[in-house]
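Fold and geometry: a report
Read off the chains here:
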Amino acid sequence: MPLIAEARAQKLLLVVALIWSVEIFVVQQATCVSEYPLPVFKMLGASGIRFALDILLVSSLLLAVPKKLMPVLFTLSAVFSYGVLVYYDYFARSLSFQVMAHQFGEGGDALKYGALLVNPSWIALLGGLLVAKSTLVWKADSPPRVKMAAAFLLAYVVTLGGANSFVDPLDKLKRFASMDRMGLTYGYLVTWAGEAYYLDPDELRKQAMEQRAIQSDRLSAMERPLALPDHVAVIQVESLDYDILSYEHEGQSPTPYLSSLTQESMYFKVNAHHQNGSADADFILLNNVMPSATVITYKIQGYPYEVTLPRHAGEAGYRTFGFHGNTGQFFDRRSAFSQMGFDGLFFEEEMVQEHGLPRAPWGIQDRDVLSLSNKLFDEAEGKSVHFIITMTSHMPFNFVDEAEQTFRPNPQTKIDNYLNSINYVDRQLQAYVEALPERALVVIYGDHESAAGYAEHQATAGVEYVPLILFQKGENLAAFQQTPLDVARAGGLHTLDIAGYLWSLFEAPPDLPSSDPAEPEAAP
């Protein structure tokens, strides 16, 4: 190749290396956010190491891979960047190797319906960069330079080894550091390799067991116990925001029934635990301990389920039943629930095969799940607890039948779809509660926020607020509530506090009055 053409090709490849490195670096910087503050010098040092690793690896690939294959690599890189951006946008954390390894199937099931996860701005930007890089590489028309590529790769290995030995040892993943923190230094691929090496099943179980030492039971300390009736329903509602209960669209509430319940219920604003997925919430309620910080706890082999809410309620004379319209294999709930001491489980399989309920595009509609619970309550002899997980209002909020989309007919946006979905759930919950026996206790809480983006929704990054409603037919539990309103609605309670109070109810002496109205605090 003539010297002038050679020099031109090198300049073009240098431009491509800078564009690609900066693209990767920015995506890493946007999605790998340490969960604890770092000194400025530590942050700058980690970022410097990561950029050096990015540009060394990119340069090696540009020099070694035939130019006709580079557009393939650029495309894979763009798809990867888009995937981690979408994951971070929803979960406010970086995508870890353990999540992919243990929850890949569930993520695939959800993404089949994830058309609303499309972000046109990100697609346009990443697509434009892909075209630009491919065009420049084509214009460079430079043959592979294996020796130069090997030199860059050697520099990459030396830099990586030095960082691991003297700056940020990857074995910190085993002790305290997360994917988010180590990703600041190494990006994704190296940190994933570290997770795969250091976080084996035994280590995951050990870390999850350490989480059990975290305790919080602030609600029990503020509230008196209720005398439980024979029928108790605990309902985990998918994507139920705290703010939606006071939100109005064009003067209409999408949740008129739930909003009305708050006037005669014990009502709290709760900081939802949503680190690995929706299953974090039901794990906490059913086990009264914190879940794994790394992966859905149900996925961890050998995790113990000897002390659980079903067994606790059983000791108080209740039969317990679990309901979820998804399959039992989703998040491995069937395996975990079967070890918790439930007297009966009703997942999609049982609902279809044993009760003839129709399948919706994804799982069983909330209407049918709640109707089954009503039916079994009516047939029950003695005391029983139903633990119900809804799912029709799951993102991307397109699971409600067209005929049921009555709040926002002809929905055009994600917000329209969410309002229709949560309005549907509100109507189904009203029908469900109205069909329950008198004095039945209903505990309703959200698993996490919707991230739907409606106008008055004031979510804080990394903090998700959901409601907790304790309603008893024929009783005014609002008058029974002891927690001052400014505390109850401040958002200081955690999902673990819900679990602690719920567990305490099954320890209440049976002769307690169902409600002993105190002077209620005036509503604001």
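To keep things clear, this report deals only with the structure shown in the data block. (Residues numbered from 1 in each chain as written. Predicted model: local features only at pLDDT ≥ 70, side-chain atom pairs only at ≥ 80, totals over all residues. Heavy atoms only, no water.)

A count of helical and extended segments in the chain gives 20 helices and eight strands. Taken over C-alpha atoms, the radius of gyration comes to 26 Å for the chain, in line with the 24 Å a tight globule of 524 residues would show. Counting across all 524 residues of the chain, residues that qualify as buried make up 55%. Long-range pairs, those at least 24 residues apart, make up 79% of the contacts in the chain with a sequence separation of at least 6. Total accessible area on the chain stands at roughly 22600 Å², and carbon and sulfur atoms take up 60% of it. (Helix = DSSP H or I, 4+ residues; strand = E, 2+ residues; numbered from the N terminus. Rg over C-alpha atoms; globule rule 2.2 N^0.38 Å. Buried < 20%, exposed > 50% of the residue type's maximum accessible area, 1.4 Å probe, protein only. Contact = heavy atoms within 4.5 Å. Areas by Shrake-Rupley, 256 points an atom, 1.4 Å probe, with all protein chains shown as cover.)

So, about the packing of aromatic side chains. With the rule as written, the count across this model stands at 23 aromatic pairs. Relative to phenylalanine 506, the ring of tyrosine 318 has its centre 5.4 Å away and its plane inclined at 90°; by these criteria the two rings are edge-to-face. You can see tyrosine 318 sitting in strand β3 (residues 318-324) and its partner phenylalanine 506 sitting in the segment after α20 (495-505), a full 188 residues away along the chain. Owing to a relative accessible area of 5%, tyrosine 318 belongs among the buried residues under this scheme. What makes phenylalanine 506 buried here is its relative accessible area of 9%. (Phe/Tyr/Trp six-rings, centres within 6.5 Å; stacked < 30°, edge-to-face > 60°.)

Moving on to the nonpolar core. Note that soluble globular proteins tend to have their nonpolar side chains buried in a common cluster. Ranked by size, the top nonpolar core spans 61 residues in total, and within it Leu226, Phe268, Tyr298, Phe337, Leu468 and Leu470 carry the most contacts. The leading source of residues in this core is α20, at seven residues. Val369, Phe397, Leu436 and Ile469 belong to the second largest nonpolar core, which has 45 residues in total. (Core = buried A, V, L, I, M, F, W, Y, C linked by side-chain atoms within 4.5 Å.)

Let us look at the pattern of salt bridges. Within the structure shown, the criterion is met by 19 salt bridges. Across the pair glutamate 404 and arginine 367 runs a salt bridge, and its minimum N-O distance is 3.2 Å. Highlighted residues: glutamate 404 in the loop between β5 (383-389) and α17 (414-435) and arginine 367 in helix α16 (residues 366-379), separated in sequence by 37 residues. Assessed through its relative accessible area of 19%, glutamate 404 is described here as buried. (Salt bridge = Lys/Arg side-chain N within 4 Å of Asp/Glu carboxyl O.)

The next point concerns the packing of helix α2 (residues 40-64) against helix α6 (residues 146-166). Direction vectors running N to C along α2 and α6 enclose 160°, while the axes themselves pass 8 Å from each other. In terms of axis orientation, α2 runs roughly antiparallel to α6. Considering the relative orientation of α2 and α6, their crossing is left-handed. Contacts from Ile49, Leu53, Leu56, Leu57, Ser59, Ser60, Leu63 and Ala64 in α2 reach Val146, Met148, Ala149, Phe152, Leu153, Ala155, Tyr156, Thr159, Leu160 and Ala163 in α6. Residues belonging to the contact of α2 with α6 are distributed by class as follows: 15 nonpolar, three polar and no charged. (Axes fitted to C-alpha atoms, helices over the stretch in contact; angles between N-to-C directions. Parallel < 35°, antiparallel > 145°, perpendicular 65-115°, else oblique. Left-handed = near helix turned anticlockwise from the far one by under 90°. Nonpolar A, V, L, I, M, F, W, Y, C, P; charged D, E, K, R; others polar.)

Let us now look at the pairing of strand β6 (residues 441-446). Extensive coverage of β6 is indicated by the burial of six of its six residues. On β6, burial covers both faces: Leu441, Val443 and Tyr445 on one face and Val442, Ile444 and Gly446 on the other are all buried. Strand direction decides the pairing type here: strand β1 (residues 231-237) and β6, joined by six bridges, are parallel. Pairing of isoleucine 235 across the sheet is with isoleucine 444, part of β6. Relative to strand β7 (residues 465-472), β6 is paired through five bridges, and the arrangement is antiparallel. Bridging across to β7, valine 442 finds its partner in phenylalanine 471. (Pairing = 2+ DSSP bridges.)

All right, on to the pairing of β7 then. The buried fraction of β7 is high, at eight of eight residues. Of the two faces of β7, the one carrying Tyr465, Pro467, Ile469 and Phe471 and the one carrying Val466, Leu468, Leu470 and Gln472 are both buried. In this sheet, β7 lies alongside strand β2 (residues 266-271) in antiparallel orientation, the contact comprising six bridges. In the strand pairing of β7, methionine 266 is matched with leucine 470.

Residues Leu69, Val72 and Leu76 make up a contiguous nonpolar surface patch of roughly 280 Å² in combined accessible area. Among the structural elements, valine 72 can be located in helix α3 (residues 70-91). (Patch = residues over 30% accessible without salt bridge, like charges linked within 9 Å, V, L, I, M, F, W, Y side chains within 5 Å.)

Functional significance is not addressed by these values, which are geometric in nature.
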